[in-house]
Amino acid sequence: MNQINLNNKEYDVIIVGAGFSGLYQLICLRDQLGMNCLVVETGDDVGGTWYWNRYPGARCDTESHAYSYYFSDELLKEWTWSERYPGHAEIRRYMNFVADKFDLKKDILFNHKVTSAQYNEDKICWEITTNNKINFRSKFLITAVGCLSNANIPKIKGLENFKGKYYHTGNWPKNGVSFVDKKVGQIGTGSTGIQAVPVIAEEAKHLTVFQRTANYSVPARNKPLTENFKIHVKERFKYYRELLKKTPNGHPFEISDRLVADVQEQEMQEIYEKAWEKGGLQFRGSFSDLVTNVEANKTASDFIKNKINETVLNKKFAAILSDIDHPYAGKRPPIDTNYFETYNRDNINLVDLRSNPITQIDEKGIQTEKEHFDLDIIVFATGYDAMTGPLLNMNIVGKNNLKLQEAWEEGPKTFLGLQVPGFPNMFTITGPGSPSVLTNMPIAIEQHVEWIRDCIDFMNKKEYSTIETDAKSAEEWGNEVNNVANKTLLPTVKHSWYLGANIPGKPQVFMPYAGGLPRYRDVCENIKNNNYKEFSLN
Ligand SMILES: Cc1cc2nc3c(=O)[nH]c(=O)nc-3n(C[C@H](O)[C@H](O)[C@H](O)COP(=O)(O)OP(=O)(O)OC[C@H]3O[C@@H](n4cnc5c(N)ncnc54)[C@H](O)[C@@H]3O)c2cc1C
C-alpha cells in the first residue's frame, strides 16, 4: 500500500495511531508546519475505532454531520453522509476519503504496533520500537491511540476450552461472522451490546443475552438523510462549526437551560415524550440538571424505565431490563434501533447475571450458577480498558527510567490530559483528564491536535528543544478534574468505565474532564496565549 523507508530512522515527530486523531495530527504537522512525520498503526488501514469495530449494528451515536472533521471547508463541501448516524463501513469510507484527499497513507506505517517508547535524555529524543523489531527516533512522540481501542475480554474460567467460536466486538473479523443457524450468547449490554443484539437476533437461530448491568437506552431513530438536509448541512457548515465549539459536549444540540423543577409534571412528560420521539443523544439535553441533581435525574430515569416496561411484553425480561442501578446518563448513554423490541422475538433469552452469575465456560457453552447454555458462538460486548489501557500497553518510559505504569500506579496523572510529568515532548491526544469520551470526539480531537500543533510551532520558532509539565501542575489539574466530576452524578456509578471500574485491579479514578469543552478550551487557549509558561520549556 505504501513505501515507508524502514531505514529512515529519524523523524521530527512519531504519531501512534491512524484514526481521527492521528490523521489530523499528520496533516497539521506535516502540511502546515513542514515537519518530518511518521504515523505508526497496528491495523492495515486507516479508521481507528471503525477499523476494529465492525460488529453487527456498529454505528456512531453522534449524528453524521457532527461526526466529521471541521477544519477544512473544502472537505465539508465534498463529503456527503447518507444516514442520520453513520455506520462503521461509511465512516471507514470517510476516513479513506480524507486520507486520499490529503495524501496521508504515504507517511503511515501500517501493520506495526508500537511496543516500547523510551525517552533518551542525552539525545533528547524518543526511541520507539514496533512489534516487528523496527526502531525509530523522534524529537516528539504523539499518542493518538484512542480511548477505546484496548478490547477487554473478562477472565472467565474455562474460556480456552470452548469448542465454538468467540469474538470481541472491538476486534471483529474483517469478513464478518455468520450467525445463520447458530446458537449465540452475547455477554454485555453497554452501548455496543445494545447495538448488536437486534442485528444478531435477526440472523441467529437463537440468541441468549447475558446482562450484568441493566442500561437505559433511547431510540436513535436512524434514517436516510433527505436531499434537503444534505444541502442544508453544506450551506450551514459555518453555523455548525460554531455550534459544535459552543456546546459542552461538542454535539449539535443545545442543553436546555430549564430545570426539571421549573415545569409541572404534565409538561415534563410532554418534553420527554417529544425528545423520545425525536430520538438520539439530545434526550439528555431535555433539562439542564439531569446529570447534576438526583431528583431531576430520577424523572428521566423513570420515564425510560416506563418505556421499557411498556415495550417489553415478557414481564420477566421487562423486570430484568428495567432494574437499572444507576442514574440515566451516569454511564455512556446508549441509543438504539429496536433494542427493547427485540426482546419480544421468540428466538431470544435474557439472563440476569446479578442473580445468576457465570461460573465458567466449558466446551459446549456458558455455565451459570443455575443453568447451562449450549452455544456455537460467544460475542463479548464487554468494552475496553478505557483511556489508560492503550497508553500503558505501549511500555512508555520517560526521564530517569520512569515507567508510565509506575507513574500511574494510583491512576493517571496528567496536565490537561495532554502531558504527563516526567515524559518530556510527549503529547497524549484525548488523554485522561481531557473532555474526550464525554464529548462528540472529533471536536475534542481537533481542539487537542491544533493545540499541540501551535505548541510545537511555538517551540520551533523560539528554538526550544523540550517541553515538560510537572507534578504540581498535574496534581492541580487532577483536583480540577475531580472537582468538576463531583458536581455531577457520574462518579457515583458502580462498574463505570469512566472510573476504570470495569477492569479488575485498575485504580478507580474518574478519568475524563466533565467541565465541558468550552471551559476546557478556554483553559488551553489561555495557556497558549501566555506562551506556555505553565510548562518548562528548554
Ligand atoms: C463502538 C464505539 C462507538 C463509538 N461511538 C462514538 C460516537 O458515537 N461518537 C463519538 O464521538 N465517539 C464515539 N466513539 C469513540 C471513538 O473512539 C472516537 O470517536 C474516535 O474514533 C477516536 O479517534 P482516535 O483517532 O482518537 O482513536 P481510535 O479511533 O481509537 O484510533 C486509535 C488507533 O491507534 C492504534 N493504536 C493503538 N495503540 C497502538 C500502538 N501501540 N501501536 C500502533 N497503533 C496503535 C489503533 O489500532 C487505532 O487504529 C466510539 C467508540 C467505540 C469503540
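Scroll up to find the structure this text is about.
Keep in mind it's a predicted model, so treat the numbers as computed, not measured. (Residues numbered from 1 in each chain as written. Predicted model: local features only at pLDDT ≥ 70, side-chain atom pairs only at ≥ 80, totals over all residues. Heavy atoms only, no water.)

### Looking at the overall build of the protein
Argument step 1. Secondary structure assignment for the protein yields 16 helices and 20 strands.
Argument step 2. At 23 Å, the protein has a C-alpha radius of gyration in line with the 24 Å of a compact globule built from 538 residues.
Argument step 3. Its C-alpha atoms give the protein principal-axis dimensions of about 70 × 55 × 45 Å.
Argument step 4. The buried share among the 538 residues of the protein stands at 59%.
Argument step 5. Sequence separation of 24 or more characterises 72% of the internal contacts of the protein that already satisfy a separation of 6 or more. (Helix = DSSP H or I, 4+ residues; strand = E, 2+ residues; numbered from the N terminus. Rg over C-alpha atoms; globule rule 2.2 N^0.38 Å. Buried < 20%, exposed > 50% of the residue type's maximum accessible area, 1.4 Å probe, protein only. Contact = heavy atoms within 4.5 Å.)

### Focus on the site of the ligand
Argument step 1. In the region of the ligand, 35 residues are neighbours, and Ser21, Thr49, Asp61, Tyr67 and Met441 sit closest.
Argument step 2. The separation between an oxygen atom of the ligand and a polar side-chain atom of tryptophan 52 is 2.9 Å.
Argument step 3. Residue aspartate 61 places a main-chain N or O atom 2.6 Å away from an oxygen atom belonging to the ligand.
Argument step 4. Isolated, the ligand exposes 970 Å² of accessible area, and the fraction of that covered by the protein chains is 96%.
Argument step 5. Within the shell around the ligand, the residues separate by chemical class into 17 nonpolar, 14 polar and four charged. (Near = heavy atom within 4 Å. Polar contact = N/O pair within 3.5 Å; in protein donor to acceptor, adjacent residues only side chain to side chain. Areas by Shrake-Rupley, 256 points an atom, 1.4 Å probe, with all protein chains shown as cover. Nonpolar A, V, L, I, M, F, W, Y, C, P; charged D, E, K, R; others polar.)

### Points about the pattern of salt bridges
Argument step 1. Scanning the entire structure with this criterion turns up 29 salt bridges.
Argument step 2. Across the pair arginine 59 and glutamate 83 runs a salt bridge, and its minimum N-O distance is 3.2 Å. Pair noted here: arginine 59 is in the loop between helix H2 (49–52) and helix H3 (73–78) and glutamate 83 is in the loop between H3 and helix H4 (88–101), with a separation of 24 residues, a long-range link.
Argument step 3. Owing to a relative accessible area of 23%, glutamate 83 belongs among the partly exposed residues under this scheme.
Argument step 4. Two residues, glutamate 468 and lysine 399, come together in a salt bridge whose shortest N-O distance is 2.9 Å. Linking glutamate 468 in strand S19 (residues 467–468) with lysine 399 in the loop between strand S17 (396–397) and helix H13 (404–407), this pair joins segments that are 69 residues apart in sequence.
Argument step 5. Taken together, the shared-partner salt bridges connect Arg453, Asp454, Glu525 and Lys528 into one network. (Salt bridge = Lys/Arg side-chain N within 4 Å of Asp/Glu carboxyl O.)

### Describing the environment of threonine 49
Argument step 1. Considering the arrangement of structural elements, one finds threonine 49 in helix H2.
Argument step 2. Given a relative accessible area of 35%, threonine 49 falls into the partly exposed group.
Argument step 3. Between the alpha carbons of threonine 49 and valine 145 there is a distance of 9.7 Å; along the sequence they are 96 residues apart.

### So, helix H10 (residues 315–322)
Argument step 1. Where H10 is concerned, the buried positions are Phe317, Ala318, Ile320, Leu321 and Ser322.
Argument step 2. On its buried face, H10 is in contact with strand S9 (206–211), helix H9 (294–311), helix H11 (339–342) and strand S12 (348–352).

### Quick look at the sheet that holds strand S15 (residues 372–374)
Sheet strands pair via backbone hydrogen bonds, and the direction of the pair is either parallel or antiparallel.
Argument step 1. In spatial order, the strands read S13-S14-S15; together these three strands make up an open sheet with antiparallel pairing. Here the strands that pair on one side only, and so sit at the sheet edges, are strand S13 (358–362) and S15. The mean angle between the axes of side-by-side strands here comes to 20 degrees, regardless of whether they run parallel or antiparallel.
Argument step 2. With four bridges connecting them, S13 and strand S14 (residues 365–368) associate as antiparallel partners. Counted as the bridge partner of glutamine 360 is glutamine 367 from S14. (Pairing = 2+ DSSP bridges. Axes fitted to C-alpha atoms, helices over the stretch in contact; angles between N-to-C directions.)

### Considerations on the pairing of strand S4 (residues 114–120)
Argument step 1. The sheet contact formed by S4 and strand S5 (residues 125–130) spans six bridges and is antiparallel. The partner of alanine 117 across the bridge, within S5, is isoleucine 128.
Argument step 2. Where S4 hands over to S5, the hairpin turn is made up of four residues, of which isoleucine 124 adopts a positive phi near 50 degrees.
Argument step 3. The pairing of S4 with S17 spans two bridges and is parallel. Of the residues in S17, the one forming a bridge with glutamine 118 is valine 397.

### Focus: the layout of surface pockets
Argument step 1. In this structure, the second largest pocket occupies an estimated 390 Å³ of space.
Argument step 2. Along the wall of the second largest pocket there are 23 residues; nearest its centre are Pro412, Lys413, Thr414, Ala474 and Gly478.
Argument step 3. Its residues assigned to classes, the lining of the second largest pocket shows 14 nonpolar, six polar and three charged. (1 Å grid on protein atoms, 1.4 Å probe; cavity = no way out; pocket = protein on both sides within 12 Å on 5 of 7 lines; lining within 4 Å. Points joined across faces, edges and corners; volume = space filled by probe spheres on them.)

### Quick notes on the sheet that holds strand S8 (residues 183–187)
Argument step 1. Strand order across the open sheet formed by five strands is S7-S16-S8-S9-S12, with parallel pairing between neighbours. Strand pairing shows two members of the sheet lacking a second neighbour, strand S7 (165–168) and S12, which therefore form its edges. Averaged over all pairs of adjacent strands, the angle between their axes in this sheet comes to 15 degrees, without regard to strand direction.
Argument step 2. Relative to S9, S8 is paired through five bridges, and the arrangement is parallel. The partner of lysine 183 across the bridge, within S9, is histidine 206.

### Quick word on empty space enclosed by the protein
Argument step 1. Scanning all chains against the criterion turns up four cavities of 30 Å³ or more.
Argument step 2. A volume near 150 Å³ is recorded for the largest cavity.
Argument step 3. Every residue lining the largest cavity is counted, 16 residues in all, and those nearest its centre are Leu76, Trp79, Thr80, Trp81 and Val233.
Argument step 4. Contributing elements (two or more residues each) for the lining of the largest cavity: H3 and helix H6 (227–235).
Argument step 5. Ranked by residue count, the leading element in the lining of the largest cavity is H6, at four residues.

### Remarks on the packing of aromatic side chains
Argument step 1. Applying the stated criterion to the full structure yields 43 aromatic pairs.
Argument step 2. For the pair phenylalanine 20 and tyrosine 69, a centre-to-centre distance of 4.8 Å together with 50 degrees between the ring planes defines the contact as tilted. On the criterion of sequence distance, the pair formed by phenylalanine 20 in helix H1 (residues 20–32) and tyrosine 69 in the loop between H2 and H3 is long-range, its members being 49 residues apart.
Argument step 3. Aromatic pair tyrosine 513 and tyrosine 520: ring centres 5.7 Å apart, planes at 45 degrees, arrangement tilted.
Argument step 4. With relative accessibility at 1%, the residue tyrosine 513 sits in the buried group.
Argument step 5. Ring pairs connect the aromatic residues Phe20, Tyr24, Trp50, Tyr67, Tyr69, Phe71, Trp79, Trp81, Tyr94, Phe97 and Phe102, which therefore count as one cluster.
Argument step 6. Taking the ring centre of phenylalanine 102 as reference, the NZ or CZ of lysine 101 above it sits at 5.6 Å. (Phe/Tyr/Trp six-rings, centres within 6.5 Å; stacked < 30°, edge-to-face > 60°. Lys NZ or Arg CZ within 6 Å of the ring centre and 35° of its normal.)

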